[in-house]
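As a plain string of letters, each chain reads:
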Amino acid sequence: MIQRLLLFALASVTLIFASDATGTWQGELPGPDGNSYPMTFKLKADGAKLSGTMGGDQFEQPITEGEIKGDDITFNVHLEFNNGIDLKFTGKIGADKIDLTVQVADSKPAPFVVKKA
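Because the structure is a prediction, the values reported are computed rather than measured.

Cut-offs applied
Residues numbered from 1 in each chain as written. Predicted model: local features only at pLDDT ≥ 70, side-chain atom pairs only at ≥ 80, totals over all residues. Heavy atoms only, no water. Helix = DSSP H or I, 4+ residues; strand = E, 2+ residues; numbered from the N terminus. Buried < 20%, exposed > 50% of the residue type's maximum accessible area, 1.4 Å probe, protein only. Contact = heavy atoms within 4.5 Å. Areas by Shrake-Rupley, 256 points an atom, 1.4 Å probe, with all protein chains shown as cover. Phe/Tyr/Trp six-rings, centres within 6.5 Å; stacked < 30°, edge-to-face > 60°.

Draft legend 1. Layout of the overall build of the protein chain. Per the secondary structure count, the protein chain includes 1 helix and 8 strands. The order of helices and strands in the protein chain, counted from the N terminus, is α-β-β-β-β-β-β-β-β. Relative to its 117 residues, the protein chain shows a buried fraction of 26%. For the protein chain, restricting intrachain contacts to residue pairs at least 6 apart in sequence, the fraction spanning at least 24 positions comes to 25%. Surface exposure of the protein chain reaches about 8000 Å², of which carbon and sulfur atoms provide 57%.

Structure follows, in structure tokens:
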């Protein structure tokens, strides 16, 4: 009985202090040309599902296939530039930042940080 209570207490504390991806996050998205571009992510967490948008100066695109597992998140964004570009994002949620990595096709993953706005 004591083990069950301790396990329940530990699980409750984990849920209470788990970081939340919901909100507006801003940062500099690294580009393939070596430049960085200001980017805003508007995210909404709903259990294990993640939805929202990614936007820059001249566009805003929905995120797709968004998932949350603990503090880990993954999602994709399709951009209609040129012949279309598919971006895959993975990250770890912190209290006031998300450490993200973006990858395009078979290119090298590029890390960056977004902070809560």
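Draft legend 2. A look at the packing of aromatic side chains. Counted by the stated rule, this structure contains 5 aromatic pairs. When the ring of phenylalanine 89 is compared with that of phenylalanine 112, the centres are 6.3 Å apart and the planes differ by 70°; the resulting orientation is edge-to-face. In this pair, phenylalanine 89 sits in strand 6 (residues 85-93) while phenylalanine 112 sits in strand 8 (residues 110-116), placing the two residues 23 residues apart along the sequence. Exposure remark for phenylalanine 89: the relative accessible area of 0% places this residue in the buried category. Looking at phenylalanine 112, the relative accessible area reads 8%, which means it is buried. A connected cluster of aromatic rings, assembled from ring pairs, spans Phe41, Phe75, Phe89 and Phe112.

Just geometry here; none of it tells us what the structure is for.
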